Every structure is written in structure tokens, then in C-alpha cells.
Amino acid sequence: MSEFIKQIFLRVIGAVYSIWVLLKILKECFTVGFSEVFAKKPIARPACLDDTRLGNHGFLTLTDIKIHYVASGPEDKPLMLFIHGFPDFWFSWRYQITEFQKDYRVVAYDQRGYGESEKPKHVRDNRVNKLTSDCRQIVEALGYQSCVLVGHDWGALVAWECCRLFPKMVDRLIVISGPPPLIFKQIFENDREQQKLSWYCLFFLLPYLPELYLRMKNYEALESCFGIKKTGGLCFSGPLHKPMTTEELNAYKYVFSQSGALTSALNYYRAILSEVIPVPPDYKYTVPSLLLWGCSDKCLTNTAPDLVEKQIDNVTVKRFKDAGHFVQMDQPDEVNQTIRKWLRELK
């Protein structure tokens, strides 16, 4: 299938899903009322975002973007750098920050377009080469030459690519809920189950409607994403083993209620689905890697970790039977112990 025909096909599928979502929105309007569905309720900044136990807030001015980060731990320790995914921001690493800040200089940053980082104006400004460049520049700006790199979801994709492009920058790679780009491409093109699970990616290609859907009923879709509430819409994870507090959930709602936040986050999908990442099929990842996978993930199939074990050298795969997509928040104690043990064994 040519690239042009594939793009047309993806947009047609996205349009079909948009009709389903539009009908869902109309149903909600008739059921609870238009004003209730789209009422703008101010969300105050929760105190947990300024918890000093998680570190100090700062900003880095890179080549074409200003990046927000939170840092903790001794500055003379090795760097452990965390990259979040969707729908997330630096706060998703709160359990790992407090676990590793005694042994590492721990830094979790908001990717461009997320949280308090600057939001690019154009979709093309969110392509993978920009995201990997941000990561490399952040390591250098923090005064390091290399780091232990940890990525989840979109952050996992960025982390895999950083290993390919800048292998000397990554001492150890830890990825959560995200296979390398080439493997995901194989699964997406050949696995019917993955195609069904990826419906939201095609829906996100559309303008305006995804933002409208995510904003309705005071960002109820975020509750669905984290398995907090079943709404028949987006759901990436079952009920978390370590449930979010109301304050933590409000932190997500606060961040994504900021001007332009939803569009900037969705533009990642709009950029990647019009981009071909040039990964050679015979490429070998040389950095020691750990893949953590939740077997109850509702947006990625369990084919992915199987293929990673078969196709990637020097990788350890750890499966969490009952965890969903957000493994680092779902079972943080188990994740932290697994990471610590793996890092210790490599020394």
C-alpha cells in the first residue's frame, strides 16, 4: 500500500470513529444537558504539584523550545532522566522520583507541548527528531554527557530513538509500555487486535473534535484513561492497584485545562502518523535495556513484548500480569524494585 493511500485510509477510519464520538457527545447533551457537558469549571492548581519532596521546578531554554523540569537528588550523582507519555506530564513519575532521588540526580521533564513546557504552534514541531533533540539537549544543559534514560508510552518511543541516534548518551535504557518504532510498525500493520486498540490514534488525527471530546464533562475522559471511571470511551488501563487520589486526578485536569494544552498533546499523534521514522530493519540496539510491560494494557497488545524479546539483543523483559498501561503508577513498588534490581545486577 502506497504512503498516500495509507494516509487516506487512516483518515477515513478516523472519520468513522468521529461519527461514533459525535453521537456519544450528542447523547450526553440530551441526557444531562448541554450546559453540564460543556460547562467550564475552573480547576485550581493542586498542592501536590508543588510538593518539595518531589524536587525543585526549573526551566531550560533549548534551541527552539523552553522546557519545564523537576529535579531532585545530589548533583554529583549520575543522571536519571524521565520522559512521560500521553496523557501525562512530569508528575507521572512521582513514585520513581522519591525512590531513586537518593542514588541519582533525578530529573523528570514535561515534553514540548505538555505541562509547563512551551507549546509549539505547528504540528510538524512535534516530530520525533524534535523530541529526541530535546532529550539530548536537556542532558547537556544539565551538565551531563550520559544518563539512565527512562521512558513511558510516547516517552518510550523517544527513549528508543535516543538509543539509536545517541547511544553514547544512554548508559542504561528503561522503557515502560512502549516497543521500538520498527516493532510497533510491524504490529500495527499486521495485528488486527492492535488496529482495533489503536482506534483513538486515528480519531486524534481529526481537528477540533478530539479536543471537544476530551474536554467534555470536566475532563471526564481522563478518568476513563486511568481506569477510574468507565464511560465507554478512552480506557488505557483497568482500575489502578494504587488508586489516584482526588488531588492527583485534579493535577491532571488542571494541567490539561490550560490554554492550548490538549491540542499540543494531540499534535504528537497528528505529527507521527504523517511521518516515517527511518529505522533500518537490521538495526541493533546496543544499550542494555529493560522493558516493563503491563499485560492488562488496553491500548497495546501483548505481542509487543514477545517481539522485543525475539528481535532486540541485550534486553530484559519484565511482565506485570495485572497491570495496565501506566505500570509505573499502577504498581509503583514492584516497578521500583524491578528497576533497582536490574540496575544493581548490571554493575
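Residues numbered from 1 in each chain as written. Predicted model: local features only at pLDDT ≥ 70, side-chain atom pairs only at ≥ 80, totals over all residues. Heavy atoms only, no water.

For clarity, the threshold we go by: UniProt positions are given in the numbering used here, feature names are shortened, and annotations may be inferred rather than shown by experiment.
The chain carries the name Epoxide hydrolase 4-like in an unreviewed UniProt entry, which gives Biomphalaria glabrata as its organism. Taken directly from UniProt, the Sequence similarities (unreviewed entry) text for the chain runs: "Belongs to the AB hydrolase superfamily. Epoxide hydrolase family."

## Structural notes on the packing of helix H9 (residues 209-225) against helix H11 (residues 261-272)
Any two packed helices are characterised by how steeply their axes cross, that is the angle between the axes, and by the distance between the axes. Keep this limit in mind: Angles here are taken between N-to-C directions and fall from 0 to 180 degrees, while the axes themselves are lines fitted to C-alpha atoms, restricted in helices to the stretch in contact. Put simply, DSSP H or I for four residues or longer makes a helix, DSSP E for two residues or longer makes a strand, and each gets a number counted from the N terminus. We call two directions roughly parallel when the angle between them is under 35 degrees, roughly antiparallel when it is over 145, roughly perpendicular when it lies between 65 and 115, and oblique otherwise. Here a crossing is taken to be left-handed if its near helix is turned anticlockwise relative to the far helix by less than a right angle, and right-handed if that turn runs clockwise. Should any heavy atoms of two residues lie within 4.5 Å, those residues are counted as being in contact. Three classes are used: nonpolar for Ala, Val, Leu, Ile, Met, Phe, Trp, Tyr, Cys and Pro, charged for Asp, Glu, Lys and Arg, and polar for all others, with Gly counted as polar.
For the pair H9 and H11, the least separation of the axes is 10 Å and the interaxial angle reads 140 degrees. The angle between the axes of H9 and H11 places the two elements in the oblique class. For the pair H9 and H11, the sense of crossing is right-handed. Residues Pro 210, Glu 211, Leu 214, Arg 215 and Tyr 219 of H9 touch H11, and the partners they reach there are Leu 262, Thr 263, Leu 266 and Arg 270. Residue classes in the contact of H9 with H11 are distributed as five nonpolar, one polar and three charged.

## Some remarks on the pattern of salt bridges
Keep this limit in mind: Put simply, a salt bridge is a Lys or Arg side-chain nitrogen that is within 4 Å of an Asp or Glu carboxyl oxygen. Each residue is assigned to one of three classes by its accessible area relative to the maximum for its type, calculated with a 1.4 Å probe on protein chains only: buried under 20%, partly exposed between the two thresholds, exposed over 50%.
Within the structure shown, the criterion is met by 22 salt bridges. Between Lys 41 and Glu 36 there is a salt bridge whose closest N-O contact spans 3.6 Å. By relative accessible area, which is 39% here, Glu 36 ends up partly exposed. Residue Arg 319 is joined to Asp 306 by a salt bridge in which the shortest nitrogen-to-oxygen separation is 2.8 Å. Within this pair, whereas Arg 319 is found in strand S8 (residues 315-320), its partner Asp 306 is found in helix H12 (residues 303-311), the two being separated by 13 residues in sequence. For Arg 319, a relative accessible area of 31% gives the class partly exposed. A cluster of three or more residues bridged by salt bridges with shared partners is formed by Glu 28, Lys 217, Glu 220, Glu 223, Lys 229 and Lys 253.

## A few points about the nonpolar core
Rules: Throughout this description, the term nonpolar core refers to a set of buried Ala, Val, Leu, Ile, Met, Phe, Trp, Tyr and Cys residues connected via side-chain atoms within 4.5 Å.
Of all hydrophobic cores here, the largest spans 120 residues; its most connected members are Leu 81, Phe 86 and Leu 149. Once you skip the residues sitting within four places of it in the chain, Leu 81 turns out to touch Val 107, Tyr 109, Cys 135, Ile 138, Val 139, Cys 147, Val 148, Leu 149 and Val 150.

## A closer look at the sheet that holds strand S1 (residues 56-61)
Stated formally: Here the rule is simple: two strands pair whenever DSSP picks up at least two bridges between them.
Pairing is mixed across the open sheet formed by eight strands, whose spatial order is S1-S2-S4-S3-S5-S6-S7-S8. The sheet terminates laterally at S1 and S8, the two strands that pair on one side only. Recorded for the sheet is a direction-independent mean angle of 20 degrees between the axes of neighbouring strands. Note: strand S5 (residues 147-152) against strand S6 (residues 170-176), six bridges, orientation parallel. Counterpart to His 152 in the pairing with S6 is Ile 176. Of the strands in this sheet, S1, strand S2 (66-72), strand S3 (79-83), strand S4 (105-109) and S5 are in contact with helix H4 (residues 128-141), which crosses S3 at around 150 degrees. Each of S3, S5, S6, strand S7 (289-294) and S8 is contacted by helix H14 (residues 332-346), which is oriented at about 160 degrees to S7, the strand it contacts most.

## A word on a nonpolar patch on the surface
The condition is simple: A patch consists of residues whose relative accessible area exceeds 30% and which take part in no salt bridge; residues with like charges are grouped when within 9 Å of each other, and nonpolar side chains (Val, Leu, Ile, Met, Phe, Trp, Tyr) when within 5 Å. Accessible surface is estimated by sampling points in the Shrake-Rupley manner with a 1.4 Å probe; for residues, cover comes only from the protein chains shown.
There is a patch of nonpolar side chains on the surface, built from Ile 19, Leu 22, Leu 23, Leu 26 and Phe 30 and spanning about 560 Å² of accessible area. Looking at the element boundaries, Leu 26 is found in helix H1 (residues 3-32).

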